[in-house]
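Architecture at a glance
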Amino acid sequence: MAPHRRSRPGSGRLVRLRTVLFALLALSGGLLLACGGGGAAPGAVHVSQLDGEIGPVSADFVDRALDRAEDERAAVWILELNTPGGQVSATDDITERIIEARVPVVVYVSPAGARAASAGTFITMAAHVAVLAPSTQIGAATPVGAGGEEIEGPLGEKITNDAVAGIQGIARLRQRNAEWAESAVRDAASVTAEEAVAIGVADFVARDLNELIAALDGQTVVLAGYVDDAAAGPETTIRTAGAGVARSDMNLFENILDVIAHPNIAFLLLSLGGLALLIEILSPGLVGPGVVGVIMLIFAFFSLDVLDANVAGIVLILLAFVLIAVEILVAGFGVFGIGGIVSLLLGGLLLVSDTPGGAGEVSIWLLIVVAAVVAAVVALLWLIMVRDRAKAKNLPSRLEGMVGRTGVVHHAIDPEGTVKVAAELWSARAPGGPIAEGAEIRVTAMDGFTMIVEPAAAPAPEDAPPIDAPPTPDGPPESAGV
C-alpha cells in the first residue's frame, strides 16, 4: 500500500488540465511560427517544390504559394515538380489555379530522374511554360483506382473520356500537342524530356534552376483566357535578369498534414487518441495518456478535414469508445463492449469513401489489428477494475486486521512519517512523541489509511504487571485473616 498523502480537493485534475493546456499552447505556437514567412521584393523569382503524391494538401500548398507570388508581384512562379500521380480532384484544383494565375507559372520537372506522371502530366501541361530537366519523363496519365487498380466497365470508360477531354482542353489552351495528350491518358504514353520538347509537349530542357531562370528572361506568356479567344488575357513578358530568388516551400504544418492526410493514418490517430483518453479517464492518476490522446485527436481531425471524411464514420468511432467506457464502468456483461468493437469497425469502413483517383479507404487489415488491440486493452482495463473493486470490498476488514501488528519506522515520525508493516509502506502518526527511523513500532489504531503507532517496547495495556498492595508497618496486609 503506497503512503497516503493529503492534497487539496481537485488539485490533481488542475495539474492535468494545466499540462494539457500547456501542450496545446506549445503545439499551436510552434505551428504558427512554422507557418510564417518573410516577404520578397517585387519582381523576384518565386520557387516552390512539390515532391510526392498529389493530394488535398498539395492543392492547398499550390494555392498558398501562388497567392504569395501574386501578392508580392513576382516576376514568375516556378514549381519544381516530381510526382508519380495523385488524386483527380486535387489535380483539377491545381490545374484550375494555375490557369487562373495572375503571374506567369513555370512547371519544372526536376531533378534529373524525376517524372511528371499521371496527375503530374496535367499540371505540367497547364503551366505557361513547361520545362523538364535531362533524364526526366512525362506521361502515363491513365486514370486508375485509389489502390492503383484498373477501372473497368462503363465507369472506367466514363472517367477516361472525362480525363481526355480535360487534358485536351489544357493542351489547346497552352498550344501543346493535344493528340499526344490524349494518348497519354488512353494508352498511358510516356516520353523523355528531349522527346517531349520535340513533339511539342514541353518548351525546353534546363539542366538546373539557374539555367532555367536565365532561359526564361524575355519569354512572353498569356496570363488568362484561351489564346484563340478575343477575350484573351494580357500578354506578359517574363523578366528574370538580375531578379532575386524567393523560396516558398511547404511549411512544417503542411508537411505534417501531407504525412497524416491518409485514411489509414487518420483512422489510427482517431482510434488511438480515443483509447488514450479512455485510459486517462479510467486511470485518473496518469497524465501522459490524456495529453497524448488530445494531441492525436487534434491531428486526426485536421487530417479528416483535409480528406473530407464521412461524418457518420467519425461519430461511429467516437461512439465506440463511449460504449467501451460504459462496459468497463457498469459491467455490461460484454454487450456494450461488443457493440463498441462493432461500432469501431463500421466507423473505419465508412470513414473515407473509396472513389476513383481519391484518397482510398481504410485498410481492412488495419481495422482488424486496431480492433484487436482495443479489445485487448479494454480486457486489461476491465480486469484491473475488477481487481480494484475486490480490494475495495475487503479493505475495511483488512484495515482492522492491521491493529496490533508490528513494523519498522521507514521515515522518522515527528509527528507524522512512514512505517513498513506487513511488507507495505503506510503513512503513520505517533501521538506519544517522535520515533526515530529504524525503530520497531506497534499499530494501536487506524485513522483511515493512516496508522496510529507507538514504540513496540512500550507494554501493551493487557500485558501490564499486577499492582501489589503496600505492606503495613506492624504486620501483614489488611486483607490477612484474624
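The following paragraphs examine the structure supplied in this document. (Residues numbered from 1 in each chain as written. Predicted model: local features only at pLDDT ≥ 70, side-chain atom pairs only at ≥ 80, totals over all residues. Heavy atoms only, no water.)

Moving on: helix 9 (residues 252-260). Residues of helix 9 that are buried include every one of Phe253, Glu254, Leu257 and Ile260, and no others. Projected onto a plane normal to the axis of helix 9, the buried residues spread over an arc of 135 degrees and lie on a single side. (Buried < 20%, exposed > 50% of the residue type's maximum accessible area, 1.4 Å probe, protein only. Helix = DSSP H or I, 4+ residues; strand = E, 2+ residues; numbered from the N terminus. Arc of directions from axis to C-beta.)

Reading across from one edge, 4-6-7 is the order of the 3 strands in this open sheet, with mixed pairing throughout. Of all strands in the sheet, those bounded by a partner on one side alone are strand 4 (115-117) and strand 7 (190-192). Neighbour-to-neighbour, the strand axes of the sheet open up by a mean angle of 15 degrees, direction not taken into account. Where strand 4 meets strand 6 (residues 137-139), 3 bridges bridge the pair, whose relative direction is parallel. Within the sheet, the bridge partner assigned to Arg115 lies in strand 6 and is Gln137. The strands touched by helix 4 (residues 119-126) within the sheet are strand 4 and strand 6, with strand 4 carrying the most contacts at an inclination of about 105 degrees. (Pairing = 2+ DSSP bridges. Axes fitted to C-alpha atoms, helices over the stretch in contact; angles between N-to-C directions. Contact = heavy atoms within 4.5 Å.)

On to the nonpolar core. Counting residues in hydrophobic clusters, the biggest one holds 87 residues, and the most contacted among them are Trp77, Phe267, Leu351 and Val374. In contact with Leu351, not counting residues within four places along its chain, are Pro263, Phe267, Leu304, Ala309, Asn310, Gly313, Ile314, Ile317 and Val362. Membership of the second largest hydrophobic core comes to 18 residues, among which are Val76, Val106, Val131 and Ala133. (Core = buried A, V, L, I, M, F, W, Y, C linked by side-chain atoms within 4.5 Å.)

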